[in-house]
Amino acid sequence: MSNSRVIARPKGTTASKALLCSMLMLAGWLLAPALAQAEPGDAPETVQMQVSQAMEAFLDAQGGGSDQLTLRAGRLDPRLRLGVCDQALEINESRPLNLNRGRQTVKVSCHGNSPWRIYVPVELTRRQQAVVAARPLAAGDVLGIEDLDLATVDANRARRQYYTDPAELVGMMATQPLQSGQLVTAHNLGINAVVERGDIVSIQVGHGGFVVGSTGEAQGRAGVGQRVKVKNTGSGNVIETVVIDSRTVEAIGR
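These numbers come from a predicted model, not from an experiment.

J.: What's the story with the environment of alanine 186 in this structure? I'm lost.
T.: Structurally, alanine 186 can be placed in the loop between β6 (172–174) and β7 (189–191). Measuring from C-alpha to C-alpha, the distance between alanine 186 and alanine 174 comes to 9.8 Å, with 12 residues separating the pair along the chain. Not counting chain neighbours up to four residues away, the residues in contact with alanine 186 comprise Gln161 and Tyr163.

J.: What am I meant to see in unusual backbone geometry here?
T.: A negative phi holds for most residues other than glycine; trans holds for most peptide bonds. Located in the positive-phi region is asparagine 92, a residue other than glycine, with phi close to 55°. On the basis of relative accessible area, asparagine 92 is assigned to the buried category, the value being 7%.

J.: Help me understand the nonpolar core, please; the structure alone is not making it clear to me.
T.: The nonpolar side chains of soluble globular proteins are, as a tendency, buried together. Membership of the largest hydrophobic core comes to 22 residues, with the highest contact counts inside it found for Val51, Met55, Leu89, Ile91, Val108, Trp116 and Ile118. Those elements that provide at least two residues to this core are α2 (44–63), β1 (69–73), β3 (103–110) and β4 (116–133). The biggest single contributor to this core is α2, with 6 residues. Those residues in contact with isoleucine 118 that lie beyond four places of it in its chain are Val51, Leu76, Leu80, Leu82, Val106, Lys107 and Val108.

J.: I keep staring at the side chain of asparagine 232 and nothing clicks. Help me out?
T.: Turning to its location among the elements, asparagine 232 is positioned in strand β10 (residues 227–232). When its relative accessible area of 17% is taken as the criterion, asparagine 232 is described as buried. One polar contact links asparagine 232 to serine 214, side chain to side chain, over a distance of 3.5 Å. In terms of polar contacts, asparagine 232 uses its side chain to reach the backbone amide nitrogen of serine 235, at 3.2 Å. Once residues lying within four places of it in the same chain are set aside, the contact partners of asparagine 232 are Ile203, Ser214, Thr215, Gly216 and Asn237.

Criteria and cut-off values
Residues numbered from 1 in each chain as written. Predicted model: local features only at pLDDT ≥ 70, side-chain atom pairs only at ≥ 80, totals over all residues. Heavy atoms only, no water. Helix = DSSP H or I, 4+ residues; strand = E, 2+ residues; numbered from the N terminus. Contact = heavy atoms within 4.5 Å. Buried < 20%, exposed > 50% of the residue type's maximum accessible area, 1.4 Å probe, protein only. Core = buried A, V, L, I, M, F, W, Y, C linked by side-chain atoms within 4.5 Å. Polar contact = N/O pair within 3.5 Å; in protein donor to acceptor, adjacent residues only side chain to side chain.

Below, the structure written as structure tokens:
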């Protein structure tokens, strides 16, 4: 009978299994950063917060602390999959906003390791005291001071020239109906002219109740109470006057 040994090869031991698990855990830990970078991007809410903070600082600087100006940025599109920028965001390429435009778009750029850029809509409200109709007016009505008032409006929504001094519009004529409180603009006003260009008018110059008169030629058309330049027919000088009636003007500052 020969002496022979049979060596048993274990299919597995507790120690080897533990070693294998440890190696797998170590591999997973080492690969975790790579797997994280492979994700399409951080949650949009995180990017939204970064963009919102940068936009808030930018808009505060643009507004200059004025309580007459409100600037509001639109929300970031939630469908965007962007990574949080590892550098400070550049807003509008350092260009200031046009404060006279109600709506515009601001460019937000990331120049970090994973660069991107997006465009954020901005709405500007600029509060301004402007002339409005104090009562309903019909087309053809000649404006008196009692027909006009001041109200706070969003100047950036006014598509036409508006006015800030009611006295400037006295003697003008409404060219279309105006509702009470409606903004008065160059679109709905016209000149109620009593003096036309080329008319010969009497120029009055008053000093302490004593009036000296001369004649002149109107250089434009104007209504009662409005200014018009007149060329003195004697001296040839052109002076600024205020229309008194269809035949008379009064020199200003003389």
